[in-house]
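Chain residues, written in single-letter form:
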Amino acid sequence: MTERIVVGAALVDGGRLLAARRSAPAELAGRWELPGGKVEAGETPEAALVRELREELGVAAEPGERVPGQWPLRAPFVLQVWTARLRPGSAAPQPLEDHDELRWLTPARVWDVPWLDQDVPAVEQVLAHLGLQAGTPANGTEPG
């Protein structure tokens, strides 16, 4: 079976990372993820990222660089993450599709939300890739 790519957006603004809380499907509801979705046939991952951010958040985004690594999801899907930023003049992100809340997280607060299990290593890699220092995953306490 050929693996299918799911793109995740490390949407960064002022050193903060955008997290989206799932509202569907039921087994994922209430957990947080990097926004994004499946790459369609004939679409580049970067084009899918722009499309998914428009559909899910109502924003005009610009893809940046791919974050090294990929993470297994439910077969045959794998998660690949790209950095992204809002285009000048873009609307503010809104939870339009499959999400009910968005939150801009500073590196110190990035682990304050319960990320989907498969997104945890991706978020760790994003922070490392961007050179952002974060607290410790999943313990909910601030360092220091």
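These figures come from a predicted structure and were not determined experimentally.

### Section: the overall build of the chain
And step 1. Within the chain, the secondary structure is distributed over two helices and eight strands.
And step 2. N-terminal to C-terminal, the α/β element order of the chain is β-β-β-β-α-β-β-β-β-α.
And step 3. Relative to a compact globule of 144 residues, whose C-alpha radius of gyration would be 15 Å, the chain shows 14 Å and is just as compact.
And step 4. With the C-alpha coordinates of the chain rotated into their principal frame, the extents come out at 50 × 40 × 30 Å.
And step 5. Going through the 144 residues of the chain one by one, you find that 38% of them count as buried.
And step 6. Considering only residue pairs separated by 6 or more positions, the chain has 69% of its internal contacts joining residues 24 or more positions apart.
And step 7. For the chain, the accessible area works out to roughly 7,300 Å², and carbon and sulfur atoms hold 51% of it.
And step 8. Taking the average place of the 14 positive charges on the side chains of the chain and the average place of its 21 negative ones, the gap between the two points comes to 1 Å.

### Considerations on the pairing of strand β7 (residues 77–86)
And step 1. The element β7 is extensively covered by neighbouring structure, given that eight of its 10 residues are classed as buried.
And step 2. Examined bridge by bridge, strand β1 (residues 4–13) and β7 share eight bridges and lie parallel to one another. Residue pairing across strands places Val7 opposite Gln80, the latter belonging to β7.
And step 3. Strand direction decides the pairing type here: strand β5 (residues 61–66) and β7, joined by four bridges, are antiparallel. Across the sheet, Ala61 pairs through a bridge with Leu86, a residue of β7.

### Concerning the nonpolar core
And step 1. Within the largest apolar cluster, 20 residues are counted, with the highest numbers of intra-cluster contacts made by Leu17, Leu34, Val81, Val110, Trp115, Val123 and Val126.
And step 2. Mapped onto this core, the elements with two or more residues apiece are β1, β2 (16–22), β7 and α2 (120–130).
And step 3. In this structure, Val126 is in contact with Ala10, Leu17, Leu34, Val67 and Val81, ignoring residues within four places of it in sequence.
And step 4. Formed by 15 residues, the second largest nonpolar core is a distinct cluster that contains Leu18, Val39, Trp82 and Leu102.

### Quick look at the environment of Asp13
And step 1. In this structure, Asp13 sits in strand β1.
And step 2. What makes Asp13 partly exposed here is its relative accessible area of 37%.
And step 3. Each C-alpha atom, one on Asp13 and one on Gln118, is 23 Å from the other, the two residues being 105 residues apart in sequence.

### Examining the confidence of the model for the chain
And step 1. Overall, the prediction assigns the chain a mean pLDDT of 91, with 91% of residues at 70 or greater.
And step 2. At the level of individual helices and strands, the chain shows its lowest average pLDDT in α2, which scores 93, and its highest in strand β3 (residues 32–33), which scores 98.

### Regarding the pairing of β1
And step 1. Two strands pair when backbone bridges link them, and β1 and strand β4 (residues 36–38) are joined in this way by three bridges, in the antiparallel orientation. Each residue of the ladder has a partner; that of Gly8, found in β4, is Gly36.
And step 2. As paired elements, β1 and β2 share two bridges and run antiparallel to each other. Paired with Asp13 across the bridge in β2 is Arg16.
And step 3. Where β1 folds back on β2, the antiparallel hairpin that results is connected by two residues, among which Gly14 adopts a positive phi of roughly 60°.

Conventions we followed
- Residues numbered from 1 in each chain as written.
- Predicted model: local features only at pLDDT ≥ 70, side-chain atom pairs only at ≥ 80, totals over all residues.
- Heavy atoms only, no water.
- Helix = DSSP H or I, 4+ residues; strand = E, 2+ residues; numbered from the N terminus.
- Rg over C-alpha atoms; globule rule 2.2 N^0.38 Å.
- Buried < 20%, exposed > 50% of the residue type's maximum accessible area, 1.4 Å probe, protein only.
- Contact = heavy atoms within 4.5 Å.
- Areas by Shrake-Rupley, 256 points an atom, 1.4 Å probe, with all protein chains shown as cover.
- Lys, Arg positive; Asp, Glu negative; His and termini not counted.
- Charge placed at Lys NZ, Arg CZ, Asp CG, Glu CD.
- Pairing = 2+ DSSP bridges.
- Core = buried A, V, L, I, M, F, W, Y, C linked by side-chain atoms within 4.5 Å.
- pLDDT = per-residue confidence, 0-100.

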